[in-house]
Amino acid sequence: MPETHISIHDLNVYYSGNHALKNISVEIPRKQITAIIGPSGCGKSTMLKCMNRLIDLTDGVRYTGKIQIDNEDIFDKKTDLIDIRKKLGLLAQKPTPLPMSIYENVAYGPRIHGMKKKSILDEKVQKCLITAGLWDEVKDRLDSPASRLSIGQQQRLCLARGLAVEPEIILCDEPTSALDPVSSQHIEEQLLKLRDDYTIVIVTHNIHQAIRLADYVIHLYLGEMVEHGPADEVFENPKDERTRAYINGTFLADVKIDKVINTKGNQCPYNFVYAKQALHDMKTGETLKIIVDDPTAVTEVPRGMEADGHEVLNVKQTNKTDWEIVIKKKK
Ligand SMILES: Nc1ncnc2c1ncn2[C@@H]1O[C@H](COP(=O)(O)OP(=O)(O)OP(=O)(O)O)[C@@H](O)[C@H]1O
Ligand SMILES: [Mg+2]
């Protein structure tokens, strides 16, 4: 395992009477993507909020245990909270651009931290927008309000804004759940690139996203960490029955297939369009199996289907070239 960046010892969190996190001990490696997965209410967001101490803003919360970032105890009274927060960027579920221009959104943080010179700020803004994968789309309208950007662009702007204060760690709480498939893909691509330089912790309820992104996985269940390990081990051979059930529930559901379409030989997005047409003629609750052989379609078709509100039950490679994707029509 690579070097530890965030070390959590025996973390317990109580909201009034509710024991939300129970004896969590885990090491989060540096410059890797760690995904926190698990059903709603299991404590994923709570765990992130402990890492940047946003948890302190919650009324009636109590926590015990220890979190060390770079060997510094972040719960220690002597630790400077501003220093800690500066190390951690946060990408929330819904983009939250500041009510100012695109440029100012990114320049805001560095300016607060004392960067005044225009030429240096310009360079900083450009660099962060490039890293967030947004520069080409906004370079000619840096002075226009951030609110005019699409939701997906706003999310990348928030990523750029976070990067501008030079964090070491990026915490993401379901960063793509409000986004369309193309914007989700953009964010995922940026996160994969950022892994070279940052430690990333991403909360996702989307197991397909976890598979696409994660190097390490933490599975929380009712406040307990029931599994932790390298992503390929956890997904291929989970040790805990509850993890197996969670993954199987998403993947290997033994379902009756109502319709099969073969889109082999077609490239994405055509397979997606054919699948959409097929679903359109089906009833809610029916299942469609799509066979694809285009590697892009393996991730894009499920992502698009989820964005359309359908449920992806299974994505499975059946031979060297072919994949099956099983979709349940939801609306
Ligand atoms: N401010 C709060 N006050 C009281 N209880 C809370 C508060 N925030 C969270 N909880 C409770 O703590 C538990 C864990 O919540 P948390 O938000 O961490 O879950 P989660 O895994 O992020 O869920 P989701 O997938 O729905 O976002 C839940 O039972 C939740 O109801
Ligand atoms: Mg949450």
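Since the model is a prediction, treat every value here as computed from it, not as a measurement.

(A) View of the site of ligand 1. In the vicinity of ligand 1 there are 13 residues, among which Y15, S40, K44, S45 and T46 approach most closely. Sort the elements by how many residues they give to the shell around ligand 1 and helix α1 (residues 44-51) lands first, with 3 residues. Among the residues making up the shell around ligand 1, the classes are represented as 3 nonpolar, 9 polar and 1 charged.

(B) Layout of α1. The buried count for α1 comes to 7 of 8 residues, which makes it a mostly enclosed element. Burial in α1 covers these residues: K44, T46, M47, L48, K49, C50 and M51. R53 sits one or two positions beyond α1 and adopts a positive phi of about 60°.

(C) Unusual backbone geometry, seen in detail. Residue P269 is bonded to the preceding C268 through a cis peptide linkage, with omega at 10°. Following the sequence through the fold, P269 ends up in the loop between β11 (259-262) and α11 (270-280). Phi angles above zero are rare outside glycine, and S16 is one such case at about 45°. Position of S16 relative to the elements: it lies in the loop between β1 (4-15) and β2 (18-29). Taking the number of C-beta atoms within 10 Å as the measure of exposure, S16 has 9 and is therefore exposed. With a phi close to 45°, N23 is a non-glycine residue in the positive phi region. Inspection of the secondary structure puts N23 in strand β2.

(D) Looking closely at the pairing of strand β7 (residues 169-173). Extensive coverage of β7 is indicated by the burial of 5 of its 5 residues. Residues I169, L171 and D173 point to one face of β7 and I170 and C172 to the other, with burial holding for every one of them. In this sheet, β7 lies alongside strand β6 (residues 88-91) in parallel orientation, the contact comprising 4 bridges. Paired with G89 across the bridge in β7 is I170. Sheet topology note: the β7/strand β8 (residues 199-203) ladder contains 5 bridges and is parallel.

(E) Geometry of the sheet that holds β1. Ordered in space as β2-β1-β4-β5, the 4 strands form an open sheet in which the pairing is antiparallel. The open sheet is flanked by β2 and β5 (72-73), the only strands paired with a single partner. Pairing between strand β4 (residues 61-69) and β5: 2 bridges, direction antiparallel. Each bridged residue has a counterpart across the sheet, and for I69 the counterpart in β5 is E72.

(F) How the structure looks around the sheet that holds β6. Taken in spatial order, the 6 strands make up an open sheet running β6-β7-β8-β3-β9-β10, and their pairing is mixed. Each end of this open sheet is capped by a strand with a single partner; those strands are β6 and β10 (224-230). Neighbouring strand axes in the sheet, compared pairwise and without regard to direction, differ in orientation by 15° on average. The pairing of strand β3 (residues 33-37) with β8 spans 4 bridges and is parallel. Bridge pairing in β8 links I33 to I200. Running over the sheet, α1 touches β3, β6, β7, β8 and β9 (216-221) and is turned about 150° from β8.

(G) Structural detail: the domain arrangement of the protein chain. Domain assignment breaks the protein chain into domain 1 (4-249) and domain 2 (259-328). Counting residues at the interface gives 7 residues for domain 1 and 9 residues for domain 2. Residue assignment for the side of domain 1 that touches domain 2 shows that the elements contributing at least two residues are α7 (181-194) and α8 (207-213). Sorting elements by how many residues they give to the side of domain 1 that touches domain 2 places α7 first, with 3 residues. Taken together, the residues of the side of domain 1 that touches domain 2 sort by class into 1 nonpolar, 4 polar and 2 charged.

Reading guide: rules and limits
Residues numbered from 1 in each chain as written. Chains lettered and ligands numbered in written order. Predicted model: local features only at pLDDT ≥ 70, side-chain atom pairs only at ≥ 80, totals over all residues. Near = placed C-beta within 6 Å. Helix = DSSP H or I, 4+ residues; strand = E, 2+ residues; numbered from the N terminus. Nonpolar A, V, L, I, M, F, W, Y, C, P; charged D, E, K, R; others polar. Buried ≥ 20, exposed ≤ 12 C-beta atoms within 10 Å, placed from the backbone. Pairing = 2+ DSSP bridges. Axes fitted to C-alpha atoms, helices over the stretch in contact; angles between N-to-C directions. Contact = placed C-beta atoms within 7 Å. Domains from an automatic or database assignment.

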